[in-house]
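Inside the fold
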Amino acid sequence: MGEILGRAELAQRVAADRAAGRSVAFANGCFDLLHVGHIRYLESAAAEADLLVVAINDDSSVGGLKGNGRPILRAADRGELVAALESVDYVVLFSDPDVNRLLRLLKPDVHCKGTDYTPETVPERATVLAYGGRIAIVGDPKDHSTRDLLARIGRRG
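Things to note about the nonpolar core
One finds Leu-42, Leu-52, Val-54, Val-82 and Val-88 to be the most contacted residues of the largest nonpolar core, which totals 20 residues. Those elements that place two or more of their residues in this core are β2 (24-29), α2 (36-46), β3 (51-57), α4 (75-83) and β5 (110-113). It is α2 that provides the largest number of residues to this core, a total of four residues. Contact partners of Val-54, with chain neighbours within four places excluded, come to Ala-27, Phe-31, Leu-42, Val-82, Val-88, Tyr-90, Val-91 and Val-92. Among the nonpolar cores identified, the runner-up in size contains 18 residues, and Leu-5, Leu-10, Val-53 and Ala-55 belong to it.

Some remarks on the pairing of β3
For β3, the tally of buried residues reaches seven of seven residues, placing the bulk of the element in the interior. Here β3 shows two buried faces, one formed by Leu-51, Val-53, Ala-55 and Asn-57 and the other by Leu-52, Val-54 and Ile-56. Two strands pair when backbone bridges link them, and β2 and β3 are joined in this way by six bridges, in the parallel orientation. Along β3, the bridge assignment pairs Gly-29 with Ile-56.

Observations regarding helix α1 (residues 7-19)
With 13 residues, α1 extends 18 Å between its outermost C-alpha atoms, agreeing within 8% with the 18 Å of an ideal straight helix rising 1.5 Å per residue. Those residues of α1 that fall on the buried side of the exposure criterion are Leu-10, Val-14 and Asp-17. The arc that holds every buried residue of α1, seen down its axis, measures 60°, which confines them to one face. Exposed positions of α1 whose direction lies more than 90 degrees from the buried face are Ala-8, Gln-12 and Ala-19. On its buried face, α1 is in contact with β2, β3, β4 (90-94) and α5 (100-106). One or two positions beyond α1, positive phi appears at Gly-21, with a value near 90°.

Let's talk about α2
Listed as buried for α2 are Gly-37, His-38, Tyr-41, Leu-42, Ala-45 and Ala-46. Mapping the buried residues of α2 onto a view down its axis gives an arc of 165°, with all of them on the same face.

Thoughts on the pairing of β5
In β5, alternate side chains face the same way, and those of Val-110 and Cys-112 on one face and His-111 and Lys-113 on the other are all buried. Here two bridges tie β2 to β5, and the two strands are oriented parallel to one another. The partner of Ala-25 across the bridge, within β5, is Val-110. The parallel pair β5 and strand β6 (residues 134-137) is bridged by helix α6 (residues 125-130), and the resulting crossover is right-handed.

Definitions and cut-offs
- Residues numbered from 1 in each chain as written.
- Predicted model: local features only at pLDDT ≥ 70, side-chain atom pairs only at ≥ 80, totals over all residues.
- Heavy atoms only, no water.
- Core = buried A, V, L, I, M, F, W, Y, C linked by side-chain atoms within 4.5 Å.
- Buried < 20%, exposed > 50% of the residue type's maximum accessible area, 1.4 Å probe, protein only.
- Helix = DSSP H or I, 4+ residues; strand = E, 2+ residues; numbered from the N terminus.
- Contact = heavy atoms within 4.5 Å.
- Pairing = 2+ DSSP bridges.
- Expected span 1.5 Å × (residues − 1).
- Arc of directions from axis to C-beta.
- Right-handed = clockwise from strand over helix to strand, strands pointing away.

What follows is the structure, encoded as structure tokens:
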């Protein structure tokens, strides 16, 4: 089971893990209403390195990205759910519009994005390449979404 950490403690832990010879993968997202697509994405990301750090958008940034009525679950709850997954080592919540600042802080060996991206379209590509990291596209085809799940629930309600 993973741990939810603040930025400073996470940076210390990652540095200690690196000193012990462990490689670090990084994934990020909203993870509002955890579904099978999220699980497959995170399991695939974890397979890229010894440890997996997952950055989760805080409530205000999810609202900005996903629109009115989102998130469904509070950030603390989403963090706890993601941290409970066997494939996840560390979780950090963030409010920035992107994860560039976290990437520059942690310098993970590999930055993992879902199959809705290509290595050339990853928004943080320049940051990752600047510190010598690599990008991996992981998970299954992007045919699962919280938005679709909510629509299905709405039709049944």
